[in-house]
Amino acid sequence: MEKIPLTRSGAVQLEAEMKTLKSVDRPTIIKAIAEARELGDLKENAEYHSAREKQGFIEGRIKELEAILGRADIIDPAKLSGSVKFGATVTLVDEDTDEEKIYQVVGEPEADIENGKLNMRSPLARALIGKDEGDSIEVRTPGGARSYEILKVKFI
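Because the structure is predicted, anything quoted here is derived from the model rather than measured.

Caption draft 1: Summary view of the layout of surface pockets. Space inside the largest pocket adds up to approximately 160 Å³. Along its surface, the largest pocket is lined by Glu2, Lys3, Ile4, Pro5, Ile68, Arg71, Gly107, Glu108, Pro109, Asn119, Met120 and Arg121. Its residues placed into classes, the lining of the largest pocket shows five nonpolar, two polar and five charged.

Dropping the structure here:
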């Protein structure tokens, strides 16, 4: 099985989500299903069907998180250095707009572009990997080609 690279903070977040699903969400939905059953005819019981659907989602997410964490390869970015690679925090400047952005290259399960967590399989991350401070890159995105300069690479 292929290992899934995660940062320590990413693994902690996924473990916290799984703990919440198991200790809070699962018991709540089981109680909701029991209450909906008491309402009678299950064929026309919207509360029951809604609760069962939510239970399916919760159980599916728990299995997904268990699989991810079971195959996780925890990488500590603080022990790395050099050019851009997994775990690097990169400060970029858009060469067209002079807008600065900061991203950390992370594994797919912890990627969240709005919070600066860049999926290592994304076009931007693939263009960054192996580059150093001062390098320029061009990335083809759905919105067109973008040029960036790497201002800083750090591992924290």
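Caption draft 2: Spatial organisation of the sheet that holds strand β4 (residues 100-106). The five strands lie next to each other as β5-β4-β3-β7-β6, forming an open sheet whose pairing is mixed. In the strand order of this sheet, the two ends are held by β5 (117-119) and β6 (136-141), each with one partner. Adjacent strand axes in the sheet meet at a mean angle of 45°, parallel and antiparallel pairs treated alike. Inspection of the sheet shows strand β3 (residues 89-94) paired to strand β7 (residues 144-154) by six bridges, in the antiparallel sense. Each residue of the ladder has a partner; that of Thr91, found in β7, is Lys152.

Cut-off values and rules
Residues numbered from 1 in each chain as written. Predicted model: local features only at pLDDT ≥ 70, side-chain atom pairs only at ≥ 80, totals over all residues. Heavy atoms only, no water. 1 Å grid on protein atoms, 1.4 Å probe; cavity = no way out; pocket = protein on both sides within 12 Å on 5 of 7 lines; lining within 4 Å. Points joined across faces, edges and corners; volume = space filled by probe spheres on them. Nonpolar A, V, L, I, M, F, W, Y, C, P; charged D, E, K, R; others polar. Pairing = 2+ DSSP bridges. Helix = DSSP H or I, 4+ residues; strand = E, 2+ residues; numbered from the N terminus. Axes fitted to C-alpha atoms, helices over the stretch in contact; angles between N-to-C directions.

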